[in-house]
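Next come the chains, spelled out residue by residue.
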Number of protein chains: 4
Amino acid sequence: MPPAPERAFASDNAAGAHPEVLQAVIDANRGHALAYGSDRWTSEALDRFRDLFGPQSEAFLVWNGTGANVMALATMVRPADCVVCTEWAHIAVDEAGAPERALGAKLLTLPAPTAKLEPAQLRSLAHLQGVQHHAQPGVVSITQSTELGTLYSADEVAALCDTAHSMGMVVHLDGARIANATAALGGTVQAMRSFTVDAGVDVVSFGGTKAGLLGGEAVVYLNPQLATRAMFVRKQVNQLPSKMRFVAAQFNALLHDDLWIRGAAHANAMAQRLYELTRDIPGVQYDGGPAVNSLFPCLPPEVIEPLREWCFFWDWDVSRHQVRWMTAFDTTEDDVDRFAGGIRHILKNS
Amino acid sequence: MPPAPERAFASDNAAGAHPEVLQAVIDANRGHALAYGSDRWTSEALDRFRDLFGPQSEAFLVWNGTGANVMALATMVRPADCVVCTEWAHIAVDEAGAPERALGAKLLTLPAPTAKLEPAQLRSLAHLQGVQHHAQPGVVSITQSTELGTLYSADEVAALCDTAHSMGMVVHLDGARIANATAALGGTVQAMRSFTVDAGVDVVSFGGTKAGLLGGEAVVYLNPQLATRAMFVRKQVNQLPSKMRFVAAQFNALLHDDLWIRGAAHANAMAQRLYELTRDIPGVQYDGGPAVNSLFPCLPPEVIEPLREWCFFWDWDVSRHQVRWMTAFDTTEDDVDRFAGGIRHILKNS
Amino acid sequence: MPPAPERAFASDNAAGAHPEVLQAVIDANRGHALAYGSDRWTSEALDRFRDLFGPQSEAFLVWNGTGANVMALATMVRPADCVVCTEWAHIAVDEAGAPERALGAKLLTLPAPTAKLEPAQLRSLAHLQGVQHHAQPGVVSITQSTELGTLYSADEVAALCDTAHSMGMVVHLDGARIANATAALGGTVQAMRSFTVDAGVDVVSFGGTKAGLLGGEAVVYLNPQLATRAMFVRKQVNQLPSKMRFVAAQFNALLHDDLWIRGAAHANAMAQRLYELTRDIPGVQYDGGPAVNSLFPCLPPEVIEPLREWCFFWDWDVSRHQVRWMTAFDTTEDDVDRFAGGIRHILKNS
Amino acid sequence: MPPAPERAFASDNAAGAHPEVLQAVIDANRGHALAYGSDRWTSEALDRFRDLFGPQSEAFLVWNGTGANVMALATMVRPADCVVCTEWAHIAVDEAGAPERALGAKLLTLPAPTAKLEPAQLRSLAHLQGVQHHAQPGVVSITQSTELGTLYSADEVAALCDTAHSMGMVVHLDGARIANATAALGGTVQAMRSFTVDAGVDVVSFGGTKAGLLGGEAVVYLNPQLATRAMFVRKQVNQLPSKMRFVAAQFNALLHDDLWIRGAAHANAMAQRLYELTRDIPGVQYDGGPAVNSLFPCLPPEVIEPLREWCFFWDWDVSRHQVRWMTAFDTTEDDVDRFAGGIRHILKNS
């Protein structure tokens, strides 16, 4: 085997922090600053989020993605509501039941082969509404980009929001990878606004960690009416950072000069490069090219373990011998080229 | 007024990170590392905690103090249990109801003028046990050092643990300021063990943030039987850091060569220095000297606002004109001397 | 000892059902009727509650008192709210933590020597409002008649409601013994309205069981805005009776021709009779006469067990040798006279 | 149309109480009895349940089916567990999210065309166990007879229990219609024991209401280790009847001389009779005959409303023009014959 890539393809959260982000933390470590958000770094971060999402929006900095989602949903559900999402939703399958514990509410999962909800699926829930025996569909949660690496167009999000609102529901967008979605859908702040605030989304979980922070996310209320209890709920779901300046400073670097979009665009490009370099290798089977920064190839079963030992990645669907390769903001062309070379090498010799 | 201190006396969480802690984060930002704790920094941190608390113990790294407490308690309560604590307990008054939300359990608060529970108070709850109309006292939570800056001796903790265990209860110690307590009670790891593992405490929330981290705490199970669900509960209460190496690296620096004890000993000494320099100033009334790093003087009401404008601190009990002055690991003698000078100046001229 | 009374003085829930209530159940057991409230008995009961509380009100039939309280509060709390009540409140001390489990919310208990809250106590909570570290006082729950057998005047309830509303809070009245309170405060429907709907109470738990039902309570929304989710929440807290006609039929009998007030007036009169017959017995110490249907005398310790063995009652405060004697709608003059005779007999011979 | 049946075919909970059950309530309404289960009727009922399920079992009387299920599950889940059930489970689709609210736990619903779980489905969840990102499959809940009117054989239940136990899970059986299942599977107490205690079920929700009570269910612990917190949890989920003697007296009548089995056997026979009388009517399409007391025919769409107006029943699957006809313990042969006659009449003339 050739030398392994310096960085593997396990996940975008295996990456470290972007150097500019780390520098911002170093710079913020000067003297004392009041805790819990009463500091100038936090003020600046909240301003930056208002610049992104408009003056009516309100952002809250939090620790992590599960926490952001739980906080958002906890301010959106009314008594006896349930949260509608896909069977692939991170909130439903990868958060250990955190939403159910914190909300005391049901997650109503709907089938979704591409991890995307459709307006007709929401309409099909209308018969539950107003019936005392059923948890009430009150919140829709979608993920952008999705857990399967797919994307909603801005029009698709708008159609979902219109349907949801017409049924008295509100819409949450889990944007753990909103940067990758933004990069893929135009690469501008305006592109991001088109599938969030302009589309009618009520609350966004804005991902920072996968985009290059040490750790940090934000819950952004585009519908300010839902924000009235947010400050208290953040504390209540264990998401109020004490020395908040250090979360804020990271975001200030990330949001500066579109660093978040640039990093994600690079990650997406590296996935595309990997796809191009491996799509023709006999034995590597793709359903299609990547929309964002993940690939889900099927491989001959006997090569998976040797390949993984050489350069780590996760299984996806063991029954299909499907794996996941994921790039990050710091994946290099050299990493991709070496990885593609190794794949080619192993498959030629298997 | 003389020049204000460089660092105010608002809180130990107004301090930044210790330089060695920050350097450890910088050093950990090399390449990729698997998320959620499958990295070498986390392995090292868990080893360090085992060194502290013994080989039977098990530590879990988390984001923040409220999260640590909630996670700990969520693994300790049985169905229908309540958590017994003082009326001053941080979990009862300063966590926005986070425990009640996450646990669905009552916090039974008992009166405690010095923020310390006594065994007799536990025994007085025996009549509730076994009666179907009452939430069942099942967990005791004490704070060391307490919210009022007082300390339990190791014997006092042991007596509480003995009583609790004899009643079928388990004991949680909220150690948000366990470093300050350790420094005050001997300044050695053995001192810390005397009031935790040796005293019979079951689970400790081990504070990192106030001791000099950017942010990070640990839940340490001294009673390993209570740890069986801890891994899942951590995720469920939003306390599983994604890029965990950056939390672990901070702890590795903090726990290295007793940095946590040294920093806290310094903070305690600075509070003592402030006490010595101000106890004789007419108008400054203390109930006594500091046990750890906080002072709660009563002041003439007319000087409080001018003094606060010059160098910030928080009110404590407005009705008594009582305020709180708190030192941190990075408070300097110069900070203390300037602050004492300002106090003297203002009181002389008031 | 003389012969014991036919009915003891343990509690009003030791009584059975009023014969007219039982007859109504017998009469309702004819043929089929749709479940969950779609039956004519339920329609009639809801009409009767509207007659009591006014056309804007909305009633929901439920199983039991704890369920009624939990349902009411679950529709009243906003995210991160806490419920303010006295240290004696049934919801805080006698419901096994049911509110905390169902609501995920803190109960903030305030000292109250006579089990009554005062407006100044609410005002003293204002400093918690808007501060992110504290559960937010959002609901006040008072009990009428109280757990100590005391009463709020209509003016006192109105003052509490005015203060609560001015602070953005809503008011729940636990009326497990609302019949006894009504009988004591005038004995008319108008008297009951004076301390509920006219006083500004938002939601009432209307007690049926202690007033003579087999089992059944109602949650009555005087503030209809709080009722929008009530139907779903009732089911969610396990309080939706399947064959609801049998709960409704009981209420139809109880609310007919003021049977509920008449029964409670009789119970109150029997307590007063017991007080008059025993107040002068040496060794029986009262703080005062009964406001409703309970007495809390202190007795010489050596007579308590013999007396209890002869005719059962519960302890109240063991440390003071205080017991509770309670009358019910079916307590007879003969029961009272025999009990008083036995007390006199035992104390003369002790 | 011929005259409509005296009793419709809407549901078994549209029936009233069995006359012997009502008489038992009348008989129990004598004098005072201590509340909350300290009465002789409750003692007798608990004895009767031990006779049914064995001396190691422990029964708790409760109000209603949702409450019984929630109480059972609340004593079975460990922290971070989820409850595995079918997509048709009453707990998942017809309890308004009550389990999620009370447990704070996820319900993991699995596809099940006949509403029955299979051991292989449990085994397929093994990959979730021990992984910190996933709620932990810890409890299996099955329904007997199922929501689709199907039955598990005793062997099928035993196989599920064996698989569940081997995976560290415990098994709950929702027996809202356990009487109908018992009648169908042999009609003896031993038959019932074969698919519960002998099969390895841990906890049973034992249905009383649909079997002929005014209202009342029982939670029966066959695994006594799970009962240690049951008493407190019952109160906590609002399921502790105050005047418990009236629930107990109903059960004493129902369990006397197998009245519960005889009533259910009759209901089952009436469903069979209806099936026999209607299976050959052109336009009435069955998938097969009834296993218990419900039929799910598809009908020509234009006859459904006229037929329902004449004699009420509920829709089942509107998209297939499928309805549900259900018999009860008190359905008469005359009811069935008239209903079949009406169906024949309408379909001949449509």
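Rules used throughout
- Residues numbered from 1 in each chain as written.
- Chains lettered and ligands numbered in written order.
- Predicted model: local features only at pLDDT ≥ 70, side-chain atom pairs only at ≥ 80, totals over all residues.
- Heavy atoms only, no water.
- Helix = DSSP H or I, 4+ residues; strand = E, 2+ residues; numbered from the N terminus.
- Rg over C-alpha atoms; globule rule 2.2 N^0.38 Å.
- Buried < 20%, exposed > 50% of the residue type's maximum accessible area, 1.4 Å probe, protein only.
- Contact = heavy atoms within 4.5 Å.
- Lys, Arg positive; Asp, Glu negative; His and termini not counted.
- Charge placed at Lys NZ, Arg CZ, Asp CG, Glu CD.
- Buried area = accessible area lost by both parts, 1.4 Å probe.
- Polar contact = N/O pair within 3.5 Å; in protein donor to acceptor, adjacent residues only side chain to side chain.
- Nonpolar A, V, L, I, M, F, W, Y, C, P; charged D, E, K, R; others polar.
- Least-squares fit on C-alpha atoms with pLDDT ≥ 70 in both.
- Pairing = 2+ DSSP bridges.
- Domains from an automatic or database assignment.
- Salt bridge = Lys/Arg side-chain N within 4 Å of Asp/Glu carboxyl O.
- Phe/Tyr/Trp six-rings, centres within 6.5 Å; stacked < 30°, edge-to-face > 60°.
- Axes fitted to C-alpha atoms, helices over the stretch in contact; angles between N-to-C directions.
- Parallel < 35°, antiparallel > 145°, perpendicular 65-115°, else oblique.
- Left-handed = near helix turned anticlockwise from the far one by under 90°.
- Right-handed = clockwise from strand over helix to strand, strands pointing away.
- Expected span 1.5 Å × (residues − 1).
- Disulfide = S-S within 2.5 Å.

Draft legend 1. Examining the overall build of chain A more closely. Secondary structure assignment for chain A yields 14 helices and 10 strands. Relative to a compact globule of 350 residues, whose C-alpha radius of gyration would be 20 Å, chain A shows 21 Å and is just as compact. Taken over the C-alpha atoms alone, chain A extends approximately 60 × 55 × 35 Å along its principal axes. Counting every position in chain A, which comprises 350 residues, the buried fraction comes to 66%. Sequence separation of at least 24 residues holds for 76% of the intrachain contacts in chain A that already meet a minimum separation of 6. When the 27 positive and 38 negative side-chain charges of chain A are each reduced to one mean point, those points stand 5 Å apart.

Draft legend 2. Summary view of the interface of chain A and chain B. Residue-level contacts link 55 residues of chain A with 55 residues of chain B. Carbon and sulfur atoms supply 54% of the area that chain A and chain B bury against each other, a total of about 4300 Å² over both sides. Three residues, A:H32, A:R101 and A:K243, lead the burial of chain A against chain B; their summed loss comes to 19% of the area buried on that side. The interface formed by chain A and chain B holds 36 residue pairs in polar contact (both at pLDDT 80 or more) in total. For the side of chain A that touches chain B, the secondary-structure elements that each account for two or more residues are α1 (19-28), α3 (65-76), α5 (98-103), α10 (230-236) and α11 (245-255) of chain A. Split into classes, the residues belonging to the side of chain A that touches chain B amount to 29 nonpolar, 17 polar and nine charged.

Draft legend 3. Region of interest: the relation of the copies chain B and chain C. Overlaying chain B on chain C yields an RMSD of 0.0 Å, the required transformation being a rotation through 180° with an accompanying axial translation of 0.0 Å. A rotation of that kind, with that shift, is consistent with a two-fold axis. When C-alpha positions in chain B are compared against the rotation axis, the closest is assigned to B:G104, at 2.4 Å. Taken as a fraction of all interface residues of chain B, those also at the interface in chain C reach 100%, which identifies the copy contact as same-surface.

Draft legend 4. Expanded view of the sheet that holds strand β9 (residues 314-317) of chain D. Residue and element names in this part refer to chain D. Strands sit in the order β8-β10-β9 across an open sheet of three strands; the sheet is antiparallel. Each edge of the open sheet is held by one strand with a lone partner, namely β8 (294-295) and β9. In this structure, β9 lies alongside strand β10 (residues 322-326), joined through three bridges in antiparallel fashion. By the bridge assignment for β10, D315 is matched with V323.

Draft legend 5. Up close: the domain arrangement of chain A. All names here are of chain A. Split by domain assignment, chain A resolves into domain 1 (19-256) and domain 2 (259-349). In this structure, domain 1 and domain 2 have C-alpha centres spaced 28 Å apart. Each partner contributes to the roughly 1600 Å² buried at the junction of domain 1 and domain 2, and carbon and sulfur atoms together form 67% of this total. Among the residues of domain 1 in contact with domain 2, G149, R177 and N180 are the three that bury the most area, contributing 25% of the side total. On inspection of domain 1 and its partner domain 2, the count reaches zero salt bridges. Applying the counting rule to domain 1 against domain 2 returns four residue pairs in polar contact (both at pLDDT 80 or more).

Draft legend 6. A look at the packing of aromatic side chains. Residues and elements named next belong to chain A. Within the structure shown, the criterion is met by 62 aromatic pairs over all chains. Centre to centre, the rings of W88 and W316 are 6.3 Å apart; their planes meet at 15°, and the pair counts as stacked. Of the two residues, W88 is situated in the loop between β2 (81-86) and α4 (90-93) and W316 in strand β9 (residues 314-317); the sequence distance between them amounts to 228 residues. Accessibility expressed as a relative area gives 31% for W88, which makes it partly exposed.

Draft legend 7. How the structure looks around unusual backbone geometry. Residue B:S145 follows B:Q144 across a cis peptide bond; omega there is -15°. Looking at the secondary structure, you find B:S145 in the loop between β4 (136-143) and α7 (154-166). Non-glycine residue A:A96 carries a positive phi angle of around 60°. Within the element layout of this structure, A:A96 appears in the loop between α4 and α5.

Draft legend 8. Structural context of the packing of helix α2 (residues 40-53) of chain C against helix α11 (residues 245-255) of chain C. Residues and elements named next belong to chain C. Taken N-terminus to C-terminus, the directions of α2 and α11 make an angle of 40°; their axes are 8 Å apart at the nearest point. What the angle tells us is that α2 and α11 run oblique. Judged by the twist between their axes, the crossing of α2 over α11 is left-handed. Residues W41, T42, E44, A45, R48, F49 and L52 of α2 pack against R245, A248, A249, F251, N252 and L255 of α11. Here the contact of α2 with α11 is composed, by residue class, of eight nonpolar, two polar and three charged.

Draft legend 9. Here's a closer look at the pairing of strand β5 (residues 170-175) of chain B. All names here are of chain B. Most of β5 sits inside the fold, with six of its six residues counted as buried. Bridge count for β4 against β5 is five bridges, and the pairing is parallel. Its bridge partner being in β5, V140 is matched across the sheet by V171. In this view, the connection linking β4 to its parallel neighbour β5 by way of α7 has right-handed handedness. The sheet contact formed by β5 and strand β6 (residues 203-207) spans four bridges and is parallel. Note on β6: the bridge partner recorded for G175 is F206.

Draft legend 10. Structural detail: the pattern of salt bridges. All names here are of chain A. All chains considered together, the criterion is met by 60 salt bridges over all chains. R308 serves as the salt-bridge partner of E305, at 2.8 Å between the closest nitrogen and oxygen. Highlighted residues: E305 and R308, both in helix α13 (residues 301-310), separated by three residues, approximately one helical turn. Assessed through its relative accessible area of 12%, R308 is described here as buried. Put simply, D334 and R338 hold a salt bridge, and the shortest N to O gap is 3.0 Å. In this pair, D334 and R338 both sit in helix α14 (residues 333-348), four residues apart, roughly one turn of the helix. What makes D334 partly exposed here is its relative accessible area of 40%. Overlapping salt bridges bring together E6, R7 and D335 as one network.

Draft legend 11. Structural detail: the interface of chain B and chain C. Counting from both sides, the interface comprises 17 residues of chain B and, opposite them, 17 residues of chain C. When chain B packs against chain C, close to 1300 Å² is buried across both sides, 44% of that on carbon and sulfur atoms. Ranking the residues of chain B by area buried against chain C places B:A96, B:E100 and B:K106 at the top, with a combined share of 38%. At the junction of chain B and chain C, the tally comes to two salt bridges. B:E100 serves as the salt-bridge partner of C:K106, at 2.6 Å between the closest nitrogen and oxygen. Taken together, the links from chain B to chain C amount to 12 residue pairs in polar contact (both at pLDDT 80 or more). Only α4 (90-93) and α5 (98-103) of chain B provide two or more residues apiece to the side of chain B that touches chain C. Grouping the amino acids of the side of chain B that touches chain C by side-chain chemistry returns seven nonpolar, five polar and five charged.

Draft legend 12. Expanded view of the environment of B:M326. Residues and elements named next belong to chain B. With respect to the helices and strands, the residue M326 is situated in strand β10 (residues 322-326). Overall, the relative accessible area of 3% leaves M326 in the buried class. With sequence-adjacent residues up to four places away left out, M326 is seen in contact with A8, F9, A10, S11, D12, R177, N293 and S294.

Draft legend 13. Seen up close, helix α3 (residues 65-76) of chain C. Here α3(C) contains 12 residues, and its C-alpha end-to-end distance of 17 Å stays within 8% of the 16 Å for a straight helix at 1.5 Å per residue. When α3(C) is considered as a whole, its buried residues turn out to be C:T66, C:G67, C:A68, C:N69, C:V70, C:M71, C:A72, C:L73, C:A74, C:T75 and C:M76.

Draft legend 14. Up close: helix α7 (residues 154-166) of chain A. Residue and element names in this part refer to chain A. Compared with the 18 Å implied by 1.5 Å per residue over 13 residues, the 18 Å span of α7 between its first and last C-alpha is a close match. Buried residues in α7 make contact with α6 (119-123), β4 (136-143) and β5 (170-175). One or two positions beyond α7, positive phi appears at G168, with a value near 80°.

Draft legend 15. Local environment of the sheet that holds strand β4 (residues 136-143) of chain D. Residue and element names in this part refer to chain D. Taken in spatial order, the seven strands of this open sheet run β1-β7-β6-β5-β4-β2-β3, and their pairing is mixed. At either margin of the open sheet sits one strand with a lone partner, and together these are β1 (58-62) and β3 (107-110). Strand-to-strand twist in this sheet, taken as the mean axis angle between neighbours without regard to direction, amounts to 20°. Contacts from helix α3 (residues 65-76) reach β1, β2 (81-86), β4, β5 (170-175), β6 (203-207) and β7 (217-221) within the one sheet, and its direction differs from that of β7 by about 20°.

Draft legend 16. Region of the structure containing the state of the cysteines. The full count for this structure, using the stated rule, is zero disulfides over all chains. As a non-bridged cysteine, B:C82 has B:C85 as the owner of its nearest cysteine sulfur, 9.3 Å distant. C:C311 supplies the cysteine sulfur nearest to C:C298, a cysteine that is in no disulfide, at a spacing of 19 Å.

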